[in-house]
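Survey of secondary and tertiary structure
What follows is each chain in one-letter form.
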Amino acid sequence: RGISRPRYFIKDKENGMKLREIIADAAGLVGKERLARFLTGSSSDTDGNVVADMNAAVRLANVLIAELSGSYIPMTMKERVTMKNGRVYYSDLSYNLHRIRELQDKDGNVLFFVLHAEYAEPRGEALYAVYDYIPKVYALTDDVGYKNTDISRGVLAMGLASEICLAEGRFKESVLWRKRYSDGVSAFTVPRNARARSRCFI
């Protein structure tokens, strides 16, 4: 049985998405139309309730993205590195390291390497590091680390819709959106029969 290689990508702003876009889509799904209109710029009508909904959604969206990136669809970066004393130091990487996948030489050949607490030591001269990283806490106007080829904005919006409904005690709606989110995540993961964890409701 073949093993699928990870889909590596270099983060860029092409085909990306902003946190506010995900939240606006989710707000539309759960009936928070004033928040959706405010985030899309179609209305400047806002008050304390809209601001509270927005702040809660930012927090929940970050939790959702952190959960997804730490499990089924990691955020992966390929980055040029400079070795020091034969080592690649984690502190020199642009993003907060979660896991080193590969170290490559100038020709793209994968090097054997040994992991240490603060650095990786390759057998050869590494020019590139491919690694999973921990996403930062995103603000409303930030670009998130996913592109639509990794996970669609619509799927993330359904996951966030589930989290919003759960936080508000709308349990049946939360289960519905979580199921749709789980199915959507499965469509983007390899192997295709993988499933996102379901939440348990008591």
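So, a few notes on the structure that sits alongside this text. Just so it is clear, the model here is predicted, and its values are computed rather than measured. (Residues numbered from 1 in each chain as written. Predicted model: local features only at pLDDT ≥ 70, side-chain atom pairs only at ≥ 80, totals over all residues. Heavy atoms only, no water.)

**Comments concerning the overall build of the chain**
The condition that has to hold: Secondary structure elements follow DSSP: runs of H or I of four or more residues count as helices, runs of E of two or more count as strands, with numbering from the N terminus. The cut-offs for exposure are 20% and 50% of the maximum accessible area for each residue type, with area from a 1.4 Å probe on protein chains only; residues under the lower value are buried, those over the upper are exposed, and the others partly exposed. Between two residues, a contact is recorded if the distance between any of their heavy atoms is within 4.5 Å. Shrake-Rupley sampling with a 1.4 Å probe provides the accessible areas, and residues are treated as covered by the protein chains on show and by no other component.
Per the secondary structure count, the chain includes five helices and six strands. Ordered by position from N to C terminus, the α and β elements of the chain give α-α-α-β-β-β-β-β-β-α-α. Burial statistics for the chain: of 202 residues in total, 44% are counted as buried. Considering only contacts within the chain whose residues lie at least 6 apart along the sequence, 69% involve residues at least 24 apart. Total accessible area on the chain is roughly 11300 Å²; 52% of this is exposed by carbon and sulfur atoms.

**Here's the deal with unusual backbone geometry**
In this structure, Asn85 takes a positive phi of about 55° despite not being glycine. Tracing the sequence through the fold places Asn85 in the loop between strand 1 (75-80) and strand 2 (88-89). Note on Asn85: relative accessible area 72%, which makes it exposed.

**Considerations on the packing of helix 3 (residues 48-69) against helix 5 (residues 171-188)**
Short version of the rule: Interaxial angles span 0 to 180 degrees and are taken between N-to-C directions of axes, which are lines fitted to C-alpha atoms, for helices over the stretch in contact. Oblique is the label for any angle not under 35 degrees, not over 145, and not in the 65 to 115 range, which are roughly parallel, roughly antiparallel and roughly perpendicular in turn. By definition, any crossing whose near helix is turned counterclockwise from its far helix by less than a right angle is left-handed, and any crossing with a clockwise turn is right-handed. By the convention adopted, Pro, Cys, Tyr, Trp, Phe, Met, Ile, Leu, Val and Ala count as nonpolar, Lys, Arg, Asp and Glu as charged, and the other residues, Gly among them, as polar.
Relative orientation of the contacting elements helix 3 and helix 5 amounts to 40°, with a least axis distance of 13 Å. Accordingly, the angle class assigned to the pair helix 3 and helix 5 is oblique. Here helix 3 runs over helix 5; the crossing is right-handed. Two secondary-structure elements touch here, helix 3 through Leu64, Glu67 and Leu68 and helix 5 through Arg178, Tyr181 and Val185. Among the residues making up the contact of helix 3 with helix 5, the classes are represented as four nonpolar, no polar and two charged.

**Description of the packing of helix 4 (residues 153-167) against helix 5**
Direction vectors running N to C along helix 4 and helix 5 enclose 155°, while the axes themselves pass 8 Å from each other. Looking at the two axes, helix 4 sits roughly antiparallel to helix 5. For the pair helix 4 and helix 5, the sense of crossing is left-handed. Between helix 4, through Val155, Met158, Gly159, Ala161, Ser162, Glu163, Cys165 and Leu166, and helix 5, the contact on the second element is made entirely by Phe171, Glu173, Ser174, Trp177, Arg178, Arg180, Tyr181, Gly184, Val185 and Phe188.

**Comments concerning the sheet that holds strand 1**
Where we set the bar: One requirement defines pairing of two strands: DSSP has to find at least two bridges between them.
Spatially, the three strands line up as an open sheet ordered 1-6-3, and their pairing is antiparallel. Two strands close off the open sheet at either side, each with one partner strand: strand 1 and strand 3 (96-104). On average, each strand axis in the sheet is inclined to that of its neighbour by 25°, with strand direction left out of account. Here strand 1 pairs with strand 6 (residues 128-134) via six bridges, running antiparallel. Within strand 6, the residue paired with Met75 across the bridge is Tyr133.

**Considerations on the pattern of salt bridges**
Condition: For salt bridges, the criterion is a side-chain nitrogen of Lys or Arg within 4 Å of an Asp or Glu carboxyl oxygen.
Inspection of every chain in the model, using the stated rule, returns 16 salt bridges. Between Arg178 and Glu67 there is a salt bridge; the shortest N-O distance is 3.4 Å. In this pair, Arg178 is assigned in helix 5 and Glu67 in helix 3, connecting sequence segments 111 residues apart. Note on Arg178: relative accessible area 5%, which makes it buried. Of the charged contacts, one joins Asp107 and Lys106 as a salt bridge, the two residues approaching to 3.5 Å between their closest N and O atoms.

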